[in-house]
Every structure is written in C-alpha cells, then in structure tokens.
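# Coordinates in review
Next come the chains, spelled out residue by residue.
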Amino acid sequence: MKKRHLSFWEIWNMSFGFLGIQFGFALQNANVSRIFETLGARVEDIPILWIAAPLTGLIVQPIIGHLSDKTWNRFGRRRPYFTIGAIFTTLALFVMPNSPALWIAAGMLWIMDASINISMEPFRAFVGDNLPSEQRTMGFAMQSFFIGLGAVVASALPYILTNWFGIPNTAGEGIIPQSVKLSFYIGGVVLLASVLYTVFTSKEYSPEELAAFEQEKEKISGIKTEIKPPVTPVQFLKNGSVWTTAGIIATAIIVLLKLEAQLYIVSGLVLTFGIILLVSGMLTKKGRTQNGMVGIMNDLLHMPRTMGQLAVVQFFSWLSFYAMWIYTTPAVTQHVFGTNDTASELYNQGADWVGVLFAVYNAVSALSAFLLPVLARQIGRKATHSIALALGGISFISFFFIQNPQILLLPMIGIGFTWGSILSMPYAILTGSLPADKMGTYMGIFNFFIVIPQILAASILGFVTKDIFGGQVIFTMVLAGCSLVLGALSVFFVQDRDDAYKFKKNAQEQK
C-alpha cells in the first residue's frame with residue numbers, strides 16, 4: 001500500500017485552516033507589544049511579558065501531539081484538536097484587546113497562545129499523515145502560503161482600518177485604539193471559519209492504514225525505522241540527576257551574582273526538566289511505563305538523529321524571529337521615527353508602519369511557497385534552507401543602516417523568503433525520519449527547539465538591550481541577523497535521508 005498523491009485542491013483544503021491560525025498569530029505578533037506598551041509596560045519588560053508564548057508551546061504541543069497520536073474516532077485523529085483550539089482562540093481574540101490592565105493582557109496572551117498551539121500542532125502532523133514523502137515539501141509549502149496570506153492581511157489590518165475606513169488608531173492614555181480592537185474581532189471570525197473549512201473538507205487515514213503505509217515504505221526503500229529499547233530507570237535517573245544539578249547550580253549563580261530576575265526562568269526550566277526525568281525514572285521503575293509523561297520523555301531521549309541536527313538550526317532561526325516580533329515596533333519607532341512616546345501620533349504612525357512591514361514579509365513568505373519546492377528540487381532542501389537563512393540574516397543587519405521607513409520594505413522581502421523556508425523546509429526534512437505512529441508526538445517534541453530559543457530570548461534580551469546596548473533596540477535586530485547567519489551554516493550538518501533531489505541525483509549517477 002502507498003499513500004495516494006493528492007490533487008492541488010486537496011492539499012489546498014487540508015492546509016486552508018492555517019490561514020485562520022496565522023491570522024490570529026499575526027495579530028498577536030504585530031500588536032501585543034503595542035498593547036503592552038499602551039497599558040504601561042516598559043520596553044525592557046516586554047520580553048518577559050512575552051514569555052507566555054513559548055512556555056505554553058513547550059507544554060501544550062507535545063501533550064497535544066501525544067494525545068492526537070492516540071486518538072481515533074468518527075471525528076478523526078487530528079481534526080478534533082483543530083476545532084477545540086480554534087474555538088478557544090476565537091474567544092481569546094475577542095477578550096485580549098479589551099484588557100483593562102497589563103496583568104490581564106499578559107494572562108490573556110497565555111490563554112490565546114495555548115489555544116493557538118492546540119490547533120497548530122496537529123496541522124503539522126496532518127501533512128505527515130496524509131501526504132507521501134514526495135509531496136510533503138509541497139504540503140508544508142502550502143501551509144506556508146496560507147500562513148503568509150493570513151498574516152499579510154492580519155498584520156496590516158489596523159493600518160487598513162485607519163487609512164482606508166477612518167477607524168481611529170489613537171486613544172486616551174492606557175486605552176487600546178479602536179482599530180486594534182476591531183482587528184482582533186475580525187481575526188476571531190476568520191480563524192474559526194477557516195479551521196472549520198479544513199475540518200469539513202479533509203479526510204484522514206486510520207492508524208491501521210498508516211501502519212500499512214509504513215511497512216510498504218520500509219519494503220521499498222530498504223530503510224527500516226530503528227526501534228530503540230525503552231529508556232531504563234537508571235538512564236532516566238542518571239540524566240535527571242545531571243539536569244537537576246545543572247538547574248540548581250545555575251540558580252545559585254543567579255542568586256550569588258544578583259543577576260536579572262528573568263534568568264530564573266531559564267534555570268527553572270532546566271531544573272524542572274531534570275525533575276521530570278527523575279519522576280519518569282521512578283515511574284518506570286514501578287512499571288508505570290504507559291504514563292503519557294514517560295512516553296514523551298522516552299521519545300525525547302530517543303529522538304531521530306535528523307531531529308537533533310535540526311534542533312541547532314531551529315535554535316538560531318527562532319531566536320532571531322522572536323527578537324523581531326518583540327523588538328521591531330520599538331526599533332522602528334525609536335531608530336527611524338525618533339520617538340519613545342507611546343501616546344504620540346508619531347509613535348502610532350511608526351507602529352502602524354510596522355504592521356505594513358510585517359504584511360510585506362508575510363506576503364513574500366506566501367509567494368515563496370511556490371518557489372521553494374521548485375528550488376529544492378534543483379539544489380536540494382538543505383541548500384535551499386541555508387540560502388534562505390543567510391538572506392534573512394543580511395536583511396536583519398541592514399536595519400541598522402536604514403533611516404527611511406519606505407526603504408525598510410526591502411529587507412522585509414529577504415526576511416519573508418527566510419520565513420517561508422523556516423515554516424516548510426525543516427518540517428519537510430524532519431517528517432522523512434519519523435515513524436508514522438509517533439508523528440504527532442515528535443512534531444510536538446520538535447516544538448521544544450522552537451520555544452526554547454524563544455524562552456531564552458525572553459529571559460535575556462531585555463537585559464542585553466538595556467544593559468549592553470544601552471536601550472538602543474536596533475542593535476538587538478543586528479544580533480538577530482547574526483544568529484540567522486549561524487543558522488545558515490548549521491544546516492550543512494543536517495542529514496536529510498528523504499530528499500527527492502538526493503534520490504534524483506543518485507539515480508542520474510547510477511546511469
């Protein structure tokens with residue numbers, strides 16, 4: 001048995017829900033820093049307020065991935081999670097811009113991001129489930145197209161509402177502008193409708209069918225999925241002791257040197273991970289290996305080699321983009337528009353222009369969805385991704401040299417191509433190395449390597465920006481560019497065992 005090739009419109013339908021998910025995600029990215037500043041947050045405090053996004057992803061995605069791997073009923077395997085997440089995200093989008101205080105806005109960010117993750121994680125596994133390997137690059141690229149398309153409109157929506165329809169983009173001190181509120185309401189409706197479209201127009205293979213496909217793939221390719229023995233209690237306890245000790249030492253250093261309080265988040269996560277491993281060891285020793293936490297930790301410690309190699313690439317990539325989401329508004333308003341006064345007309349013009357810039361990079365990422373599969377077939381997925389990351393790094397660094405708001409559109413083109421590649425190439429490379437029955441779990445675990453750099457960024461970028469860069473946010477953007485260049489170099493160490501370009505090249509050499 002082999003998975004059938006899906007038509008263009010079938011791939012379109014199964015990816016359409018990402019239009020709404022990214023609509024909500026882009027509204028969050030482009031406007032939450034603005035909401036926080038309006039409600040009184042200082043620029044150096046913004047990263048720590050954003051900690052909700054990566055932390056919820058770290059917790060929610062592996063759990064949802066594990067649960068969706070085990071789910072099969074008349075509603076499907078992944079689709080029930082699409083629906084539940086979409087409903088809660090819609091509700092959060094309606095509440096967020098009406099937050100009366102900063103702490104409520106920060107809390108709503110937790111709820112909104114958790115809900116988005118419930119929908120988003122199964123969509124990645126959905127492509128791996130439904131498409132044969134030769135169509136997966138196209139599948140993830142199609143998701144990238146809808147991500148870009150949704151984000152284009154969402155990012156520019158406050159600007160459009162103000163400049164095309166006359167909706168006010170300013171309000172009294174501590175009040176969220178009406179243009180932002182209305183944007184969030186529209187986003188909630190679009191998100192729910194697009195996810196439901198995918199739910200009602202797409203089908204899923206049963207677990208039995210997926211197992212048969214996996215057996216046929218192994219027979220044809222000769223590459224068998226390596227089945228590793230379960231992690232023993234001793235291994236769990238050994239690893240847990242190392243991580244727990246590291247967390248205690250890191251916490252002690254922060255206390256003794258009186259370092260920034262947000263660094264406790266990093267040491268706390270290290271300590272928590274160590275404790276989870278210790279608990280998993282004790283549960284395994286008692287024979288309670290069917291526990292979901294033990295299962296996820298087993299899979300984490302036995303992750304495929306390709307995933308570990310991609311983890312390095314993801315670290316540098318997402319550190320950069322997280323810095324961009326946090327700091328583009330203050331960087332542009334400060335470095336280009338020359339103001340820090342959040343109540344001023346000049347600041348709000350700059351903030352609106354950031355929405356336009358975000359719309360441009362998302363538009364380019366949508367268009368790159370059609371270019372990336374073609375380029376990957378010609379030079380391979382690794383080379384394509386490396387070029388994309390390098391281009392993004394140069395684009396970030398160029399912000400330092402630009403003073404004209406209009407010229408900022410040029411680096412956003414390069415950043416858009418990079419973003420399109422980040423949303424598709426790593427996943428296309430990864431899925432070829434994953435067992436079908438654990439696609440969701442490993443996609444959730446892979447999210448660790450997206451959120452860990454974001455947590456690190458949220459923990460240290462405030463300190464770096466304030467104390468090292470003297471509050472000059474533009475230098476943080478340059479740092480983000482350097483990180484992308486390192487990511488481009490690390491791609492060459494990744495093993496891509498399922499690349500159609502490689503298979504084609506080998507066939508030509510044999511002739």
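Quick caveat, the model's predicted, so the values are computed rather than measured. (Residues numbered from 1 in each chain as written. Predicted model: local features only at pLDDT ≥ 70, side-chain atom pairs only at ≥ 80, totals over all residues. Heavy atoms only, no water.)

The full count for this structure, using the stated rule, is eight salt bridges. Of the charged contacts, one joins aspartate 496 and arginine 381 as a salt bridge, the two residues approaching to 2.9 Å between their closest N and O atoms. Here the residue aspartate 496 occupies a position in the loop between α20 (473–490) and α21 (500–510), and arginine 381 occupies one in helix α15 (residues 381–398), the gap between them amounting to 115 residues. Residue arginine 381 is classed as buried on the basis of its relative accessible area, which comes to 3%. In this structure, a network of salt bridges that share partners links the residues Asp69, Arg77, Arg78 and Asp129. (Salt bridge = Lys/Arg side-chain N within 4 Å of Asp/Glu carboxyl O. Helix = DSSP H or I, 4+ residues; strand = E, 2+ residues; numbered from the N terminus. Buried < 20%, exposed > 50% of the residue type's maximum accessible area, 1.4 Å probe, protein only.)

Time to look at the side chain of serine 267. Note that serine 267 resides in helix α11 (residues 263–285). Given the relative accessible area of 3%, serine 267 is considered buried. Polar contacts involving the side chain of serine 267 include one to the side chain of threonine 251, which spans 3.1 Å. The contacts of serine 267, once residues within four sequence positions are left out, are Gly247, Ala250, Thr251 and Ile254. (Polar contact = N/O pair within 3.5 Å; in protein donor to acceptor, adjacent residues only side chain to side chain. Contact = heavy atoms within 4.5 Å.)

Enumeration over the complete set of coordinates arrives at two cavities of 30 Å³ or more. Its volume calculated, the largest cavity comes out at about 300 Å³. Surrounding the largest cavity, 28 residues form its lining, Gln61, Met120, Trp318, Asn447 and Ile450 being those nearest its centre. Counting residues per element, the ones that place at least two in the lining of the largest cavity are α2 (17–38), α4 (52–70), α6 (102–130), α13 (305–335), α18 (439–446) and α19 (448–468). Across the lining of the largest cavity, the residue classes break down as 18 nonpolar, eight polar and two charged. Mapped onto the domain boundaries, the lining of the largest cavity takes at least three residues apiece from domain 1 (1–218) and domain 3 (304–510). Its boundaries defined by the atoms lining it, the second largest cavity holds a volume of some 40 Å³. What lines the second largest cavity is simply Ala30, Asn31, Arg34, Ser155, Ala156, Pro158, Tyr159, Ala351, Asp352 and Gly355. (1 Å grid on protein atoms, 1.4 Å probe; cavity = no way out; pocket = protein on both sides within 12 Å on 5 of 7 lines; lining within 4 Å. Points joined across faces, edges and corners; volume = space filled by probe spheres on them. Nonpolar A, V, L, I, M, F, W, Y, C, P; charged D, E, K, R; others polar. Domains from an automatic or database assignment.)

A word on the nonpolar core. Met96, Met307, Phe321, Met324, Trp325, Tyr361 and Trp419 are the most contacted members of the largest nonpolar core, which has 119 residues in total. The element best represented in this core is α13, accounting for 14 residues. In this structure methionine 307 touches Leu430, Leu434, Tyr442, Ile445, Phe446 and Phe449, once residues within four positions along its chain are discounted. Residues Leu372, Ala376, Ala388 and Met425 belong to the second largest nonpolar core, which totals six residues. (Core = buried A, V, L, I, M, F, W, Y, C linked by side-chain atoms within 4.5 Å.)

What follows covers the domain arrangement of the protein chain. For the protein chain, the assigned domains are domain 1 (1–218), domain 2 (233–302) and domain 3 (304–510). Once you take the C-alpha centre of each, domain 1 and domain 2 turn out to be 30 Å apart. The partner domain 2 presents five residues to the seven residues of domain 1 that form the contact. Of the roughly 460 Å² buried between domain 1 and domain 2, counting both surfaces, carbon and sulfur atoms make up 88%. Taken together, the connections running from domain 1 to domain 2 amount to zero salt bridges. The interface formed by domain 1 and domain 2 holds zero residue pairs in polar contact (both at pLDDT 80 or more) in total. Take the side of domain 1 that touches domain 2: its biggest share by element is five residues, from α4. Residues of the side of domain 1 that touches domain 2, tallied by class, amount to six nonpolar, one polar and no charged. (Buried area = accessible area lost by both parts, 1.4 Å probe.)

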